[in-house]
Amino acid sequence: EGVANETVVVFHSDHGWSLSEHGYWEKKSCSELVTRVPLLIAVPHLPASHNATTASLTELVDLFPTLASIVGVQPPPGLDGDDVSALLERPN
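Residues numbered from 1 in each chain as written. Predicted model: local features only at pLDDT ≥ 70, side-chain atom pairs only at ≥ 80, totals over all residues. Heavy atoms only, no water.

## Some remarks on the overall build of the protein chain
Point 1. Broken down by element type, the protein chain carries 3 helices and 2 strands.
Point 2. When the helices and strands of the protein chain are read in sequence order from the N terminus, they spell out β-α-β-α-α.
Point 3. Relative to its 92 residues, the protein chain shows a buried fraction of 18%.
Point 4. For the protein chain, the accessible area works out to roughly 6900 Å², and carbon and sulfur atoms hold 55% of it. (Helix = DSSP H or I, 4+ residues; strand = E, 2+ residues; numbered from the N terminus. Buried < 20%, exposed > 50% of the residue type's maximum accessible area, 1.4 Å probe, protein only. Areas by Shrake-Rupley, 256 points an atom, 1.4 Å probe, with all protein chains shown as cover.)

Shown next, in the form of structure tokens:
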């Protein structure tokens, strides 16, 4: 069994630079192609989140405060982003 039941796994990506894809250059557009990136979080001790999805919006800047909350660590003061761990407890 190892540490699988105690390990939080996060997968995310960046949308890249849009090097002329659909006529876009750099990160200067608010189109869906530019603003959406994959984000997967697996938390063994939050069964409501297993195989669940949510339509809620979040940003990658929310990862640090969210992961800190999940593992019980106090984030430093003045940190950007929001704790969205409630989405993992109640995805719908």
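On we go from here.
## A closer look at the nonpolar core
Point 1. Counting 6 residues, the largest nonpolar core is built from Ile41, Val43, Leu46, Leu63, Ile70 and Leu88.
Point 2. Setting aside anything within four residues of it in sequence, one finds Leu88 in contact with Ile41, Val43, Leu46, Ala48, Ser49, Thr66 and Ile70. (Core = buried A, V, L, I, M, F, W, Y, C linked by side-chain atoms within 4.5 Å. Contact = heavy atoms within 4.5 Å.)

## Structural notes on the side chain of Asp62
Point 1. With respect to the element layout, Asp62 can be found in the loop between strand 2 (39–42) and helix 2 (63–71).
Point 2. By relative accessible area, which is 6% here, Asp62 ends up buried.
Point 3. A distance of 2.7 Å separates the side chain of Asp62 from the backbone nitrogen of Asp82, its partner in a polar contact.
Point 4. Ignoring any residue separated from it by four or fewer positions in sequence, one finds Asp62 in contact with Gly81, Asp82 and Val84. (Polar contact = N/O pair within 3.5 Å; in protein donor to acceptor, adjacent residues only side chain to side chain.)

## Some thoughts on the pattern of salt bridges
Point 1. Applying the stated criterion to the full structure yields 1 salt bridge.
Point 2. Between Glu89 and Arg90 there is a salt bridge, with its nearest N and O atoms 3.6 Å apart.
Point 3. On the basis of relative accessibility, which here comes to 55%, the residue Arg90 falls in the exposed class. (Salt bridge = Lys/Arg side-chain N within 4 Å of Asp/Glu carboxyl O.)

## Observations regarding the confidence of the model for the protein chain
Point 1. Mean pLDDT over the protein chain stands at 84; residues scoring 70 or higher make up 78%.
Point 2. Looking across the protein chain, the model is least confident in helix 1 (residues 32–35), with a mean pLDDT of 66, and most confident in helix 2, with 94. (pLDDT = per-residue confidence, 0-100.)

## Quick notes on unusual backbone geometry
Point 1. Its identity is not glycine, yet Asn51 carries a phi of approximately 55 degrees, on the positive side.
Point 2. Among the secondary structure elements, Asn51 is positioned in the loop between strand 2 and helix 2.

## Digging into helix 2
Point 1. Buried within helix 2 we find Leu63, Pro65, Thr66, Ala68 and Ile70.
Point 2. For helix 2, the secondary structure elements touched by its buried residues are strand 1 (9–12), strand 2 and helix 3 (86–89).
Point 3. Of the residues one or two after helix 2, Gly72 is the one with positive phi, at around 80 degrees.

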